[in-house]
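# Fold and geometry: a report
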Amino acid sequence: RRIFYNGAERYPKPNPAVVDCLASSDSIIYSMGSLFTSIAPTLALRGVGDIISEKAISKILILNATLDRETRWSHGEMKASDVVLAISDVLTEAMVCRRRAYSPQDFVTTIIVPEGGEIEVDLDRLSQLGITDVVPVPTILEGERVLYREEHLVECLRELTKI
């Protein structure tokens, strides 16, 4: 959740091309991946949270279909709301200019969830966080792994992003 280098906390500057891309985007998609070793480091860049929070666009989280070592702990398993809060925390911490109190819905407006996925989708808690757009997508079982049906996920993203 935090980046340390030589004993000090760091919020690296993003590449200017990333800033330009975010500033001109019509939607933002948080893809599947390891929450703290893949997704969070790409968001913990100075000012990225500022840009994302101020844009009135779709901000879509594709929830992983399975738990992994970062979302399954000895004391419990993360729920969908925990994933949203982790993303919100990372983006808020790296903000340059905090103009107001921020909420998770400033960073995530929609969650795509796999039907039959391992991560519990706690709708009541998500609603308390201001996130009510939860879109289920069909899955397939490959061995013991739940996977999104690729064609359904692509179609869902097309509909949500209007492309």
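In this report, we go over the structure that sits alongside the text. Predicted model, so just to flag it, every value in this text is computed and none were measured.

When helices and strands are tallied, the chain shows six helices and 10 strands. Its C-alpha atoms give the chain principal-axis dimensions of about 45 × 40 × 30 Å. For the chain, the residues scored as buried account for 42% of the 163 residues in total. Counted over contacts in the chain with a minimum sequence separation of 6, partners at least 24 positions apart contribute 73%. For the chain, the exposed surface amounts to about 9,200 Å²; the carbon and sulfur share of it is 51%. Charged side chains of the chain number 18 positive and 24 negative; the gap between the two group centres comes to 8 Å.

We now examine the environment of R46. Its location among the elements puts R46 in the loop between α2 (35-43) and α3 (48-54). Among the residues examined, R46 registers a relative accessible area of 37% and is labelled partly exposed. For the pair R46 and V19, spaced 27 residues apart in sequence, the C-alpha to C-alpha distance is 10 Å. If near-sequence neighbours (up to four positions away) are discounted, R46 is found in contact with Y11, P12, K13, P14, A94 and V96.

Summed over all chains, the structure comprises one aromatic pair. On the numbers, 6.3 Å between centres and 35 degrees between planes, the contact of Y102 with F107 is tilted. The buried category is assigned to Y102, whose relative accessible area is 16%.

This next bit is on the nonpolar core. With 42 residues, the main nonpolar core has Y30, I87, I111 and I112 as its most contacted residues. Residue assignment for this core shows that the elements contributing at least two residues are β3 (27-30), α2, α3, β4 (58-62), α4 (80-93), β7 (110-114), β8 (133-137) and α6 (150-161). Here the element with the most residues in this core is α4; it accounts for seven residues. Setting aside residues no more than four positions away along its own chain, I111 makes contact with L61, L63, V84, L126, I131, D133, V134 and V135.

Reading the values: rules and limits
Residues numbered from 1 in each chain as written. Predicted model: local features only at pLDDT ≥ 70, side-chain atom pairs only at ≥ 80, totals over all residues. Heavy atoms only, no water. Helix = DSSP H or I, 4+ residues; strand = E, 2+ residues; numbered from the N terminus. Buried < 20%, exposed > 50% of the residue type's maximum accessible area, 1.4 Å probe, protein only. Contact = heavy atoms within 4.5 Å. Areas by Shrake-Rupley, 256 points an atom, 1.4 Å probe, with all protein chains shown as cover. Lys, Arg positive; Asp, Glu negative; His and termini not counted. Charge placed at Lys NZ, Arg CZ, Asp CG, Glu CD. Phe/Tyr/Trp six-rings, centres within 6.5 Å; stacked < 30°, edge-to-face > 60°. Core = buried A, V, L, I, M, F, W, Y, C linked by side-chain atoms within 4.5 Å.

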